[in-house]
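Geometric and topological summary
Here is what each chain is made of, one letter per residue.
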Amino acid sequence: MSYIKPIPVEEAEGEAAKLFEGVTKMLGRVANSFAVMAYQPHVAKVILPLTVTLMREGLGTVLPTKIKEIAVIKTSHLNGCDY
């Protein structure tokens, strides 16, 4: 259970809506973390390129994206997150 309610994509306005558009283009969806960060869209826009770079294959990384996603999900599970 999150302490901060994520902004639903269909309710986003202004900068949050622009953020969701960019996140969808770069990640293919709006991740829960960005739905929460949308309260501070300027901060989220700085974090988005870093997230995309870290999760993509290549660019100097060794692990495939699928393994990285599994690590994220497992870490969330171990920390008791409803992810």
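Refer to the structure presented above.
These numbers were taken from a predicted model, which means no experiment stands behind them.

Residues Leu 19, Phe 20, Val 23, Val 30, Phe 34 and Ala 38 are the most contacted members of the largest nonpolar core, which totals 14 residues. Those elements that place two or more of their residues in this core are helix 1 (14-27), helix 2 (32-37) and helix 3 (41-55). Considering each element in turn, this core owes the most residues, four residues, to helix 1. Setting aside chain neighbours within four positions, we find Val 30 in contact with Val 9, Phe 20, Val 23, Thr 24 and Ala 35.

Once that is clear, we can look at the environment of Leu 27. Structurally, Leu 27 can be placed in helix 1. A C-alpha to C-alpha distance of 9.1 Å links Leu 27 and Leu 48, two positions 21 residues apart in sequence. Leu 27 has contacts with Phe 34, Leu 48 and Val 52, leaving out every residue within four places of it along the chain.

With that settled, consider the environment of Lys 18. Along the chain, Lys 18 falls in helix 1. Taking relative accessible area as the criterion, Lys 18 reaches 53% and is therefore assigned exposed. Along the primary structure Lys 18 and Pro 41 are separated by 23 residues, whereas in three dimensions their C-alpha atoms are 8.6 Å apart.

Here we take up helix 1. With 14 residues, helix 1 extends 20 Å from end C-alpha to end C-alpha; this agrees with the ideal 20 Å at 1.5 Å per step. Buried within helix 1 we find Ala 16, Leu 19, Phe 20 and Val 23. Buried positions in helix 1, seen along its axis, are confined to an arc of 100 degrees and lie on one side of it. Away from its buried face by more than 90 degrees, helix 1 exposes Lys 18 and Lys 25. Residues of helix 1 that are buried in the fold lie against helix 2 and helix 3. The positive-phi residue at the C-terminal boundary of helix 1 is Gly 28, with phi of around 85 degrees.

The rules behind each value
Residues numbered from 1 in each chain as written. Predicted model: local features only at pLDDT ≥ 70, side-chain atom pairs only at ≥ 80, totals over all residues. Heavy atoms only, no water. Core = buried A, V, L, I, M, F, W, Y, C linked by side-chain atoms within 4.5 Å. Buried < 20%, exposed > 50% of the residue type's maximum accessible area, 1.4 Å probe, protein only. Helix = DSSP H or I, 4+ residues; strand = E, 2+ residues; numbered from the N terminus. Contact = heavy atoms within 4.5 Å. Expected span 1.5 Å × (residues − 1). Arc of directions from axis to C-beta.

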